[in-house]
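Breakdown of the fold
Listed here are the chains, written in short residue letters.
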Amino acid sequence: FLCRRRFRQLLLVQTLPDPLDMRNHDYWVGMQRNARPPRREIGIFAEYTIGGFPRSWEERSLKLGGDYFRDAVFYANTITMRATWTQPSGFQFRNHDEYYALRVQTFWRARVAKRKIRLFTKAKLLLERAHTSDLELTRPSITTLCNQTLHVHAVLHQYGRARDLYGKIM
């Protein structure tokens, strides 16, 4: 079985376009879309099967161009979408501790990214609401003055008015 799988892999390497050539980039992005979902994802790399990984027993009998290629795999970088036939160096782990350490790091980075997105959303709302508050009508505090100045400078691009407000802040 392994010899046949290796033979099919070599046949595909010779017949399909070279994934390392940038002229074939769109072809391999389409192959990744057709091969969804990936069989495995480790870090930024994903392992895809030619023709896709079957989601059910009925899909196992489907053919790609008349041939079964369910065991021919290629690897892709999920960020750059670059594909390769060879397994990336970061795809193999010496033990399970490395794998689980990578998983914990991935979850931590996702948590940090969610926090940053939440802060950006809060800052955007602050900027949107800054122009509705009139400084003369509200109690002048340093916070409202800074928010108003930032809005006038960064959003409205009224640099003369912003210069006066910066003077009041100082």
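Residues numbered from 1 in each chain as written. Predicted model: local features only at pLDDT ≥ 70, side-chain atom pairs only at ≥ 80, totals over all residues. Heavy atoms only, no water.

**Focus: helix α2 (residues 25-34)**
Because an α-helix completes one turn every 3.6 residues, residues spaced three or four positions apart along the sequence face the same direction. For α2, the set of buried residues is Trp28, Val29, Gly30, Met31 and Gln32. In this structure, the buried side of α2 is in contact with β2 (45-49), β3 (73-77) and β4 (83-84). (Buried < 20%, exposed > 50% of the residue type's maximum accessible area, 1.4 Å probe, protein only. Helix = DSSP H or I, 4+ residues; strand = E, 2+ residues; numbered from the N terminus. Contact = heavy atoms within 4.5 Å.)

**Here's the deal with the packing of aromatic side chains**
For the structure on display, the rule yields five aromatic pairs. Consider the rings of Tyr48 and Phe74, whose centres lie 5.5 Å apart with planes at 25 degrees: the pair is stacked. Placement of the pair is Tyr48 in strand β2 and Phe74 in strand β3, with a sequence separation of 26 residues. Across the pair, Phe74 and Tyr48 agree in class, each one buried. Taking the centre distance of 6.5 Å and the plane angle of 75 degrees together, the rings of Phe74 and Trp85 count as edge-to-face. Pair noted here: Phe74 is in strand β3 and Trp85 is in the loop between β4 and α3 (96-130), with a separation of 11 residues, a long-range link. The pair Phe74 / Trp85 is uniform in exposure class, with both members buried. Following the ring pairs from residue to residue traces out a cluster consisting of Tyr27, Trp28, Tyr48, Phe74 and Trp85. (Phe/Tyr/Trp six-rings, centres within 6.5 Å; stacked < 30°, edge-to-face > 60°.)

**Things to note about the nonpolar core**
Residues Leu16, Trp28, Ile50, Phe74 and Trp85 are the most contacted members of the largest nonpolar core, which totals 13 residues. The set of elements that each furnish at least two residues to this core consists of α2, β2 and β3. With five residues, the next largest nonpolar core counts Ile42, Val73, Tyr75 and Phe91 among its residues. (Core = buried A, V, L, I, M, F, W, Y, C linked by side-chain atoms within 4.5 Å.)

**As for unusual backbone geometry**
Although it is not a glycine, Met81 sits at a positive phi angle of roughly 65 degrees. Its location among the elements puts Met81 in the loop between β3 and β4. The class of Met81 is partly exposed, set by a relative accessible area of 24%. Despite not being glycine, His157 has its phi angle at roughly 55 degrees, a positive value. By the secondary structure assignment, His157 is in the loop between α4 (142-155) and α5 (159-169).

**Notes on the sheet that holds β2**
Read across the sheet, four strands follow the order β1-β2-β3-β4 without closing on themselves; strand pairing throughout is antiparallel. Either end of the sheet is taken by a strand with one partner, and the two such strands are β1 (40-42) and β4. Bridge count for β2 against β3 is five bridges, and the pairing is antiparallel. Bridge pairing links Thr49 to Val73 in β3. Taken strand by strand, α2 contacts β2, β3 and β4, and its axis lies near 110 degrees from that of β3. (Pairing = 2+ DSSP bridges. Axes fitted to C-alpha atoms, helices over the stretch in contact; angles between N-to-C directions.)

By themselves these figures say nothing about function.
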